[in-house]
Amino acid sequence: MSHLNTVIRVSQLSKVYKLYDNPTDRLKESLSPLRRIYHKEFYALKDISFSVNKGETVGIIGRNGSGKSTLLKAITNVMTPTSGQVNVSGKVSALLELGAGFNPDFTGMENIYLNGSIMGFSKEEMDSKLEQILSFADIGDFINQPVKTYSSGMFVRLAFGVAINVDPEILIVDEALAVGDIRFQQKCFRKIEELQQDKTVLFVSHDIAAVNKFCNRVIWLNDGMIVEDGEPEEVAKRYQAFMINSQLKKYESMSESKEETPVRDDSYEQDIEPIDPSLDVLGDSKAKIIGISLIDAPSNEKVTVVQPGQKLKLFIKVKYNCVLRSPIIGASLKDRLGNIVTQFNSYVLDNTLDNVDENDLKDYCFEFLMPPLKSGFYSISPAVASGSQSDHVQHCWIHDALIVRMEDGQTYDLPGYMFLDGLKFRAID
Ligand SMILES: Nc1ncnc2c1ncn2[C@@H]1O[C@H](COP(=O)(O)OP(=O)(O)OP(=O)(O)O)[C@@H](O)[C@H]1O
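Quick caveat: nothing in here was measured; it's all calculated off a predicted structure. Here, residues in each chain are numbered from 1, in the same order as that chain's written sequence. Reporting in this predicted model follows two pLDDT cut-offs: at least 70 for local features of residues, and 80 or more for side-chain atom pairs to be given and counted; totals over whole chains, interfaces and linings ignore these cut-offs and use all residues. Calculated side-chain values reflect all of the structure's heavy atoms, with hydrogen atoms and water omitted.

Trainee: Residues and numbers for the site of the ligand, please.
Mentor: Only a single heavy atom is needed: when it lies within 4 Å of a molecule or strand, its residue is near that molecule or strand. The ligand sits among 13 residues. The nearest are Asn64, Gly65, Lys68, Ser69 and Thr70. Think of a polar contact as two N or O atoms within 3.5 Å of one another; within protein, one of them needs to be a possible hydrogen donor and the other a possible acceptor, and neighboring residues in sequence only count if both atoms come from side chains. In the model, a nitrogen atom of the ligand is placed 3.4 Å from a nitrogen or oxygen of the Tyr17 side chain. In the model, an oxygen atom of the ligand is placed 2.9 Å from a nitrogen or oxygen of the Asn64 side chain. Relative to its free-state accessible area of 640 Å², the ligand is covered by the protein chains to the extent of 62%. Strands are runs of DSSP state E lasting at least 2 residues, helices are runs of H or I lasting at least 4, and numbering of each runs from the N terminus. Of all the elements in the fold, those that place two or more residues in the shell around the ligand are strand E1 (6–20), strand E2 (39–53) and helix H2 (68–75). It is H2 that provides the largest number of residues to the shell around the ligand, a total of 3 residues. The accessible surface values rely on the Shrake-Rupley method and a 1.4 Å probe; as for residues, cover is taken only from the protein chains in view.

Below, the structure written as structure tokens:
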């Protein structure tokens with residue numbers, strides 16, 4: 001590999017599967033004297049190129065069937081590509097498919113050594129890693145039972161235990177496999193975080209929040225092709241829009257209704273702030289949020305700096321551009337890294353809203369106490385949808401419409417979103 005730091009290079013990689021309408025077509029094709037073609041070609045990967053540098057943690061996202069597993073299988077050499085090349089330098093440890101590299105008839109212990117030898121470790125080297133693997137897997141006496149008797153949770157514990165304790169230079173993890181209870185998941189994530197300090201990690205996930213948290217880069221695949229390769233927060237916004245069949249656009253480009261809509265409303269005391277036209281929005285524009293405001297409840301003053309426990313009102317003004325049934329109003333509060341601190345909406349509050357007509361202008365208000373979040377900047381993204389929580393259409397979702405600064409008076413700098421309300425400490429004699 002030419003670049004010193006490049007540990008994975010994928011060049012013009014394609015994987016084509018032959019699809020037959022029925023099983024006999026395969027036979028007919030192989031026997032056809034005139035070499036008649038009975039199959040259709042399906043590109044699971046199409047002309048993929050990218051490289052990964054040492055130390056990067058790259059998230060691979062994409063909806064079901066987009067080619068994520070196929071790509072990882074090509075990188076780990078489990079699958080032969082139809083064309084193109086994959087070059088990998090460094091010891092790869094992968095957790096891709098349940099069962100890959102494991103023999104179900106062997107005991108857990110035997111499988112640890114089998115995996116080790118596949119990775120190129122001697123028995124003595126694996127002896128020295130055994131304790132760590134066993135303590136990570138924590139499956140007790142089951143380690144001496146054949147793997148085929150394991151529950152899937154136990155199996156993943158063992159597979160993960162091996163994958164992350166064999167000193168990989170490149171760790172490849174399909175997050176879908178990080179099943180098991182929350183403690184085990186947290187343990188896996190902690191270990192991945194530890195490894196990512198000096199290793200290269202490829203992390204496949206459907207969960208954009210997890211990708212945002214772990215990765216410094218994300219590759220978004222769709223229909224076997226790279227849609228975007230870039231900074232997680234930016235890619236996440238467009239991926240999110242794509243997943244709800246919308247396009248991320250600028251607020252200013254949203255369709256306007258015929259009449260100019262007022263952004264000032266005298267029906268309550270304060271001005272509703274108009275939306276910054278440069279903000280990113282998604283949705284089908286059947287409704288448009290035309291104003292938002294965060295108000296200190298007792299004083300009715302607009303606020304941009306808030307304190308824990310402060311009683312606040314969030315006003316959202318919506319202009320409807322057509323008749324809509326069961327609108328839902330909601331918002332999310334995110335930290336500066338894009339982690340969602342909380343989301344709320346009228347639907348989960350059992351607040352069924354009346355149907356609306358075209359050109360209706362409605363004001364909505366959420367009231368809440370500001371949670372004891374840590375100091376720093378947070379953003380509020382309001383949204384209008386319609387339908388139900390499980391099946392809804394997004395009409396207008398404005399990313400980061402309001403920015404607030406949290407002042408908590410706390411000086412300590414410890415990880416975590418928030419501090420505990422009423423936190424006290426004492427030693428007990
Ligand atoms: N052996 C195969 N024969 C035919 N098609 C296949 C084969 N393996 C995978 N595919 C197809 O290739 C496409 C990509 O599959 P892949 O498993 O890589 O997707 P994915 O992004 O990992 O999906 P998921 O998120 O559901 O795991 C899918 O449409 C899948 O049906």
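Trainee: Give me the lowdown on the side chain of Lys237, citing residues and values where you can.
Mentor: Secondary-structure assignment places Lys237 in helix H8 (residues 232–243). The classification of residues rests on relative accessible area computed with a 1.4 Å probe and restricted to protein chains. Under 20% of the type maximum is buried, over 50% is exposed, and intermediate values are partly exposed. Residue Lys237 is classed as buried on the basis of its relative accessible area, which comes to 12%.

Trainee: So what's going on with the pattern of salt bridges? Which residues, and what values?
Mentor: Note that side chains of opposite charge can pair when their charged atoms are close. One side-chain nitrogen of Lys or Arg within 4 Å of one carboxyl oxygen of Asp or Glu is enough to make a salt bridge. The full count for this structure, using the stated rule, is 17 salt bridges. Glu194 is the partner of Lys191 in a salt bridge, and the nearest nitrogen-oxygen pair spans 3.4 Å. Highlighted residues: Lys191 and Glu194, both in helix H6 (residues 182–195), separated by 3 residues, approximately one helical turn. One network of salt bridges, with partners in common, ties together Glu228, Glu234, Lys237, Arg238 and Asp280.

Trainee: Outline the domain arrangement of the protein chain, listing residues and values.
Mentor: Interfaces are frequently sized by the accessible area removed from exposure as the parts join. For each domain, the first and last residues come from an automatic or database assignment. Domain annotation of the protein chain identifies domain 1 (3–251) and domain 2 (287–428). Spacing between the C-alpha centres of domain 1 and domain 2 amounts to 36 Å. On the side of domain 2, 12 residues touch domain 1, which itself brings 9 residues to the contact. By buried area we mean how much accessible surface two parts lose on assembly, using a 1.4 Å probe and totalling the loss over both. A buried area of about 790 Å², summed over both sides, lies between domain 1 and domain 2, and 55% of it is on carbon and sulfur atoms. Across the domain 1-domain 2 interface, the total number found is 0 salt bridges. Contacts are assigned to residue pairs that have any heavy atoms within 4.5 Å of one another.

Trainee: Just give me the short version of the packing of aromatic side chains, but keep the residues and values in it.
Mentor: The criterion for an aromatic pair is that two Phe, Tyr or Trp rings (for Trp, the six-membered ring) have centres within 6.5 Å, with stacked assigned to planes under 30 degrees apart, edge-to-face to planes over 60 apart and tilted to the rest. Summed over all chains, the structure comprises 8 aromatic pairs. Within the aromatic cluster, the residues linked to one another by ring pairs are Trp220, Tyr239 and Phe242. Placement of a positive charge over a ring is assigned whenever Lys NZ or Arg CZ falls within 6 Å of the ring centre and within 35 degrees of the normal to the ring plane. Stacked on the ring of Tyr251, the Lys or Arg Lys288 has its end atom at 4.8 Å from the ring centre.

Trainee: So what about a nonpolar patch on the surface? Which residues, and what values?
Mentor: Each patch is built from salt-bridge-free residues with over 30% relative accessible area, joining like charges within 9 Å and nonpolar side chains (Val, Leu, Ile, Met, Phe, Trp, Tyr) within 5 Å. The grouping of Tyr17, Leu19 and Phe42 at the surface amounts to a nonpolar patch, some 270 Å² of accessible area in total. Inspection of the secondary structure assignment puts Tyr17 in strand E1.

Trainee: Break down the nonpolar core for me, citing the residues and quoting the values.
Mentor: Among buried residues, those of type Ala, Val, Leu, Ile, Met, Phe, Trp, Tyr and Cys that are joined through side-chain atoms within 4.5 Å constitute a nonpolar core. Ranked by internal contacts, the top residues of the largest apolar core, which has 42 residues, are Ile112, Tyr150, Leu158, Phe160 and Phe203. Per element, the largest residue contribution to this core is 9 residues, and it comes from helix H5 (residues 152–165). Once residues within four sequence positions are removed from consideration, Leu158 is found in contact with Phe102, Gly108, Ile112, Ala137, Ile143, Val147 and Tyr150.

Trainee: Break down the confidence of the model for the protein chain for me, citing the residues and quoting the values.
Mentor: For the protein chain, the mean per-residue pLDDT works out to 86, and 91% of the residues sit at or above 70. The complex prediction reports pTM at 0.70, with the ipTM value standing at 0.96. Values of pLDDT, which run from 0 to 100, indicate the predictor's confidence residue by residue.

Trainee: Describe in detail the pairing of strand E16 (residues 311–320), supporting the description with residues and values.
Mentor: Judged by how many residues are buried, E16 sits mostly within the fold: 9 of 10 residues are covered. Taken together, the 9 bridges between strand E13 (residues 287–296) and E16 define a ladder with antiparallel strand orientation. Within E16, the residue paired with Ile292 across the bridge is Ile316. Between any two strands, pairing holds if DSSP finds at least two bridges.

Trainee: I'd like to hear about the sheet that holds strand E7 (residues 200–204), residue by residue, with values.
Mentor: A sheet is described by the order of its strands in space; here 6 strands give the open sequence E5-E6-E7-E3-E8-E9, paired in mixed fashion. Here the strands that pair on one side only, and so sit at the sheet edges, are strand E5 (92–95) and strand E9 (225–230). The mean inter-strand angle of the sheet, taken between neighbouring strand axes irrespective of direction, is 15°. With 4 bridges joining them, strand E3 (residues 57–61) and strand E8 (residues 217–222) adopt parallel strand pairing. Within E8, the residue paired with Gly59 across the bridge is Val218. Every angle, taken between N-to-C directions, lies between 0 and 180 degrees, and every axis is a line fitted to C-alpha atoms, over only the stretch in contact when it is a helix.

Trainee: So what's going on with H5? Residues and values would help.
Mentor: In a regular helix each residue adds 1.5 Å, so 14 residues correspond to 20 Å; H5 covers 20 Å between its end C-alpha atoms and thus fits that length. In terms of residue burial, H5 counts as a mostly covered element, since 12 of its 14 residues are buried. For a helix, the expected span equals 1.5 Å multiplied by the residue count minus one.

Trainee: Provide a residue-level description of the environment of Pro298, including the pertinent values.
Mentor: Mapped onto the elements, Pro298 comes out in the loop between E13 and strand E14 (301–302). Relative accessible area serves as the criterion here: at 67%, Pro298 is assigned to the exposed category. For the pair Pro298 and Ala401, spaced 103 residues apart in sequence, the C-alpha separation works out to 23 Å.

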